[in-house]
Every structure is written in structure tokens, then in C-alpha cells.
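Here is what each chain is made of, one letter per residue.
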Amino acid sequence: AGSPGVSDPGFDLVVAAVAAGFPVFPVPGPSAPVAAATASGLVPGPFVFLGFLPRSGPERRAALGRAATSGFPLVLFEAPGRVSATLAELARVLGDRPAAVARELTKLHEDIRRGHLSELAVAYDNAAPRGEVVLVVGAAEQAAPAEDDAPAIVAGLLRAGMGPSQAAKEAAAITGMPRAELYALARGLREEAAQR
């Protein structure tokens with residue numbers, strides 16, 4: 001059902017075996033992220049694999065904020081009961097990108113449903129999928145960020161739930177612009193939003 005070292009407690013076993021001096025050998029087998037990316041028709045080249053997103057809190061907001069600014073297609077795992085909510089959240093943070101929900105890949109009940117994030121969220125709202133699920137999200141329309149994109153990047157990070165300081169730090173890493181300048185921009189955007 002996939003590789004036990006990817007988004008799985010098997011990682012801890014591999015680390016312990018290596019630390020104890022035991023050899024670790026991979027055995028090629030099915031890879032749900034690669035299978036989903038291939039079959040989705042949304043991944044022409046590099047993609048970002050997110051594994052399972054943190055369930056909530058600042059870690060989840062930070063992961064979504066970073067994903068929003070990458071521009072690359074995204075591939076992630078999700079529990080069946082949380083698929084609709086995650087798709088809706090991705091649509092809010094990333095924009096309504098094309099996506100695919102891949103279920104039970106390489107198994108008897110394999111199913112791949114394609115559409116935009118918002119429509120897939122509605123489709124799974126009352127009928128959660130069953131089995132193992134991989135979500136694939138297409139690339140952002142504009143790939144490489146430039147300084148002109150800074151307001152949009154900072155606004156997206158703020159929408160993802162980051163505070164001005166964290167948003168400025170992430171935006172600085174993406175754009176190469178000074179963090180202080182981006183912090184001032186983030187505070188200004190936050191104040192504008194509060195006045196609405």
C-alpha cells in the first residue's frame with residue numbers, strides 16, 4: 001500500500017535501524033504520490049509533496065502558506081473524512097486551482113475525480129470518499145514570483161493565517177526582498193483588512 005517511510009511511522013524505524021548500524025534497503029513498490037501525480041494530468045514536471053498536512057494550528061497555517069507561495073503543483077495525503085474541508089481550505093488559500101482526488105490507487109476500487117478545488121469540495125461534502133486518498137493540485141497560473149508580486153504573496157500568507165512577522169519572513173525567502181519592507185507591507189495589509 002505504498003512506502004512505509006513516507007508520511008508514516010516507518011520513518012522512525014528506518015532512523016533507528018540506521019543509527020544502530022543496520023543496513024536499510026529499499027524495495028521498489030507502489031508509490032501513491034507518483035501514481036496520483038501521473039494519472040492526474042496536472043503535473044507536467046516538478047511537484048511539491050506535502051505528505052499529511054498538520055491537522056490544525058500554526059503548523060498547518062505555515063504549511064499551507066508555504067505551499068501557496070511555491071507555485072508548483074502539490075500532492076498530499078488526506079484522511080477520507082477530512083477531504084472536503086481540506087479541499088475547501090486549499091481553494092481559499094491557493095485560489096480555485098484544478099485538482100484531482102485519487103482514491104484506492106492500483107486497487108480494485110480505484111477512482112480519480114477531476115475538477116476545481118471548490119467543486120470537488122462540494123462533491124465530497126456529503127459523501128466522504130472511502131479508502132486511501134491522495135489529493136493533487138495543479139500549479140499556480142504564475143510560477144516565478146517577482147518583486148511586483150510581493151503584495152499578492154504577503155496577502156496570500158496572511159490569508160493562510162500567518163501573522164505579519166512570519167508572512168514577512170516567508171515572503172522574503174520567496175522574493176529576496178528585505179524582510180523589514182515586507183513586514184511593513186504585511187502590517188499595512190492587515191490594517192486594511194481590519195478596517196473593512
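Details of the structure are given in the entry above.
Just so you know, these numbers come straight off a predicted model, no measurement behind them.

Engineer: Could you give me a rundown of the overall build of the chain, with the residues and numbers involved?
Structural biologist: Counting its regular elements, the chain contains eight helices and five strands. For the C-alpha atoms alone, the extent of the chain along its principal axes is close to 50 × 45 × 30 Å. Summarising the internal contacts of the chain: among those between residues at least 6 apart in sequence, 67% fall at separations of at least 24. The distance from the centre of the 18 positive side-chain charges to the centre of the 20 negative ones in the chain is 5 Å.

Engineer: How would you explain unusual backbone geometry if you had to name every residue and give the values?
Structural biologist: For E104, which is not glycine, the phi torsion reads 55 degrees and is therefore positive. Considering the arrangement of structural elements, one finds E104 in the loop between β3 (98–103) and β4 (111–116). Residues other than glycine seldom take positive phi values, yet T106 does so here, at roughly 65 degrees. Mapped onto the elements of the fold, T106 is located in the loop between β3 and β4.

Engineer: Please give an account of the environment of V75 that cites residues and values.
Structural biologist: Mapped onto the secondary structure, V75 falls in strand β2 (residues 74–78). As a C-alpha pair, V75 and A99 span 24 residues in sequence and 9.7 Å in three-dimensional space. Residues contacting V75, with those up to four places away along its chain left out, are P33, A37, F47, V48, F49, L50, G51, V134, L135 and V136.

Engineer: Outline the nonpolar core, supporting the account with residue identities and numerical values.
Structural biologist: Of all hydrophobic cores here, the largest spans 22 residues; its most connected members are L87, L90, L94, V101, L117 and L135. Considering each element in turn, this core owes the most residues, six residues, to helix α4 (residues 83–94). Discounting chain neighbours no more than four positions away, the residues touching L90 are L64, L76, G95, L117, L135 and V137. Membership of the second largest hydrophobic core comes to 14 residues, among which are V154, L157, M162 and M177.

Engineer: Pulling in residues and values, what's your account of the sheet that holds strand β1 (residues 48–52)?
Structural biologist: Taken in spatial order, the five strands of this open sheet run β1-β2-β5-β3-β4, and their pairing is mixed. Across the chains shown, the open sheet's two edge strands, defined by having one partner strand only, are β1 and β4. Within this sheet the neighbouring strands show an average axis-to-axis angle of 15 degrees, counted without direction. Against the sheet, helix α2 (residues 32–40) contacts β1, β2, β3, β4 and β5 (133–137), and its axis sits at roughly 50 degrees relative to β5.

Engineer: Would you mind going over the packing of aromatic side chains in detail, with residue names and values included?
Structural biologist: In this structure the tally under the stated criterion is two aromatic pairs. A centroid spacing of 5.2 Å and a plane angle of 80 degrees characterise the contact between F49 and F77, whose relative ring orientation is edge-to-face. Highlighted residues: F49 in strand β1 and F77 in strand β2, separated in sequence by 28 residues. Residues F52 and F77 carry aromatic rings whose centres are separated by 5.3 Å and whose planes lie at 50 degrees to one another, so their mutual orientation is tilted. Remark: F77 occurs in strand β2 and F52 occurs in strand β1; sequence separation between them is 25 residues. Classification of F52 by relative accessible area gives partly exposed; the value is 43%. Grouping aromatic residues by their ring pairs yields a cluster made of F49, F52 and F77. Between R113 and the ring centre of Y124, over which it is positioned, the NZ or CZ distance is 5.0 Å.

Conventions we followed
- Residues numbered from 1 in each chain as written.
- Predicted model: local features only at pLDDT ≥ 70, side-chain atom pairs only at ≥ 80, totals over all residues.
- Heavy atoms only, no water.
- Helix = DSSP H or I, 4+ residues; strand = E, 2+ residues; numbered from the N terminus.
- Contact = heavy atoms within 4.5 Å.
- Lys, Arg positive; Asp, Glu negative; His and termini not counted.
- Charge placed at Lys NZ, Arg CZ, Asp CG, Glu CD.
- Core = buried A, V, L, I, M, F, W, Y, C linked by side-chain atoms within 4.5 Å.
- Buried < 20%, exposed > 50% of the residue type's maximum accessible area, 1.4 Å probe, protein only.
- Pairing = 2+ DSSP bridges.
- Axes fitted to C-alpha atoms, helices over the stretch in contact; angles between N-to-C directions.
- Phe/Tyr/Trp six-rings, centres within 6.5 Å; stacked < 30°, edge-to-face > 60°.
- Lys NZ or Arg CZ within 6 Å of the ring centre and 35° of its normal.

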